[in-house]
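The lines below spell out each chain.
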There are 2 protein chains.
Amino acid sequence: MRFKVAHFTEIKAAKVEEPGYKDIQVKWLITKDEGAKNFAMRYFEVKPKGHSAHHSHIWEHEVFILDGHCLVECGDQEKRVGPGYAIFIPPNIPHSFRNVGDKTLKFLCLIPYEK
Amino acid sequence: MRFKVAHFTEIKAAKVEEPGYKDIQVKWLITKDEGAKNFAMRYFEVKPKGHSAHHSHIWEHEVFILDGHCLVECGDQEKRVGPGYAIFIPPNIPHSFRNVGDKTLKFLCLIPYEK
């Protein structure tokens, strides 16, 4: 377990290659590797017209929009959000994130580690 | 447990009044109230020359700097950071955050809930 300080540009990006995802990359900023046993901080970039899958899982998301414009779908609701929005996606609700702007969408998305 | 979407400007700020804190306010963006059982997302603003206490606790911090310049002390280390830096503060290490710039320091700081 260690003090970690890293600029997001120092962290290697990985393209999300799973079915239903388009033009999204992820950087794992804070993880178990540093001793973050409870939750992980991830940074996403989505190109214009890019999107996540519409998917569901047993863990929640805590999201903060840094730049760009996003359509968030969650259950039967949808919201358009921009920089400065915080979003809570409860467990087991189908949801997706879509870049509906003309520049790169950037957001943090944190998830718990299983206990 | 519910889908929550809120801009940080919609959330009420509370001044941190504890000993050792100067010119810091906090907004709790995502909490247990929405069903976030595992961790909370908090947004801090610190005025120039403002700072947290130099303090220690059993939980970790996951921090992301949104704007301004911060001196982070953790154990026997210190780092100057600006927008785009992610910081992991391990449990039980004395640490502090200090605005060393000439504009408001803004950052997210997430903490686990006790299990």
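The rules behind the values
Residues numbered from 1 in each chain as written. Chains lettered and ligands numbered in written order. Predicted model: local features only at pLDDT ≥ 70, side-chain atom pairs only at ≥ 80, totals over all residues. pLDDT = per-residue confidence, 0-100. Contact = placed C-beta atoms within 7 Å. Helix = DSSP H or I, 4+ residues; strand = E, 2+ residues; numbered from the N terminus. Nonpolar A, V, L, I, M, F, W, Y, C, P; charged D, E, K, R; others polar. Pairing = 2+ DSSP bridges. Least-squares fit on C-alpha atoms with pLDDT ≥ 70 in both. Buried ≥ 20, exposed ≤ 12 C-beta atoms within 10 Å, placed from the backbone.

**Examining the confidence of the model for chain A**
Here is step 1 of the chain: When pLDDT is averaged across chain A, the result is 97; 99% of the residues are at 70 or more.
Here is step 2 of the chain: Under the prediction, the complex receives an ipTM of 0.97, its pTM being 0.97.

**Observations concerning the interface of chain B and chain A**
Here is step 1 of the chain: Every contact between the two is made by 38 residues of chain B and, on the other side, 38 residues of chain A.
Here is step 2 of the chain: Secondary structure elements with two or more residues in the side of chain B that touches chain A: β1 (4-7), β3 (22-30), β4 (39-51), β5 (61-67), β6 (70-74), β7 (77-81), β8 (85-89) and β10 (105-112) of chain B.
Here is step 3 of the chain: Broken down by element, the residue count for the side of chain B that touches chain A peaks at five residues, all from β8 of chain B.
Here is step 4 of the chain: Per-class residue counts for the side of chain B that touches chain A are 24 nonpolar, seven polar and seven charged.
Here is step 5 of the chain: Two strands pair when backbone bridges link them, and strand β1 (residues 4-7) of chain A and β8 of chain B are joined in this way by four bridges, in the antiparallel orientation. Each residue of the ladder has a partner; that of H7 of chain A, found in β8 of chain B, is Y85 of chain B.

**Side note on the relation of the copies chain B and chain A**
Here is step 1 of the chain: Mapping chain B onto chain A leaves a residual RMSD of 0.0 Å; the transformation is a rotation of 180° accompanied by 0.0 Å of translation along its axis. What the superposition gives is, in effect, a two-fold axis relating one chain to the other.
Here is step 2 of the chain: The residues that chain B uses at the interface reappear at the interface of chain A in 100% of cases, marking a shared surface.

**With respect to the environment of I30 of chain B**
Here is step 1 of the chain: Tracing the sequence through the fold places I30 of chain B in strand β3.
Here is step 2 of the chain: In this structure I30 of chain B comes out as buried when scored by C-beta crowding, with 26 C-beta atoms within 10 Å.
Here is step 3 of the chain: With ten residues separating them in the primary sequence, I30 of chain B and A40 of chain B have C-alpha atoms 5.5 Å apart.
Here is step 4 of the chain: Apart from residues lying up to four places away in sequence, I30 of chain B is in contact with E62, A86 and F88 of chain A together with K4, A36, A40 and M41 of chain B.

**Overview of unusual backbone geometry**
All names here are of chain A.
Here is step 1 of the chain: Phi angles above zero are rare outside glycine, and D23 is one such case at about 55°.
Here is step 2 of the chain: Mapped onto the secondary structure, D23 falls in strand β3 (residues 22-30).
Here is step 3 of the chain: Since 16 C-beta atoms lie within 10 Å of it, D23 is described here as partly exposed.
Here is step 4 of the chain: A positive phi angle, near 65°, is found at N92, a position not held by glycine.
Here is step 5 of the chain: Position of N92 among the secondary structure elements: in the loop between β8 (85-89) and β9 (95-99).
Here is step 6 of the chain: Exposure remark for N92: the 12 C-beta atoms within 10 Å place this residue in the exposed category.

**Here we look at the pairing of strand β10 (residues 105-112) of chain A**
Residues and elements named next belong to chain A.
Here is step 1 of the chain: Summarising the sheet, strand β4 (residues 39-51) and β10 pair through eight bridges and their orientation is antiparallel. By the bridge assignment for β10, R42 is matched with C109.
Here is step 2 of the chain: Bridge analysis of strand β5 (residues 61-67) against β10 gives five bridges, and the strand direction is antiparallel. Paired with D67 across the two strands is K106, which belongs to β10.

**Describing the environment of D33 of chain A**
Here is step 1 of the chain: When you line up the elements, D33 of chain A lands in the loop between β3 and β4.
Here is step 2 of the chain: Considered as a pair, D33 of chain A and R2 of chain A are 31 residues apart in the sequence and their alpha carbons are 9.0 Å apart.

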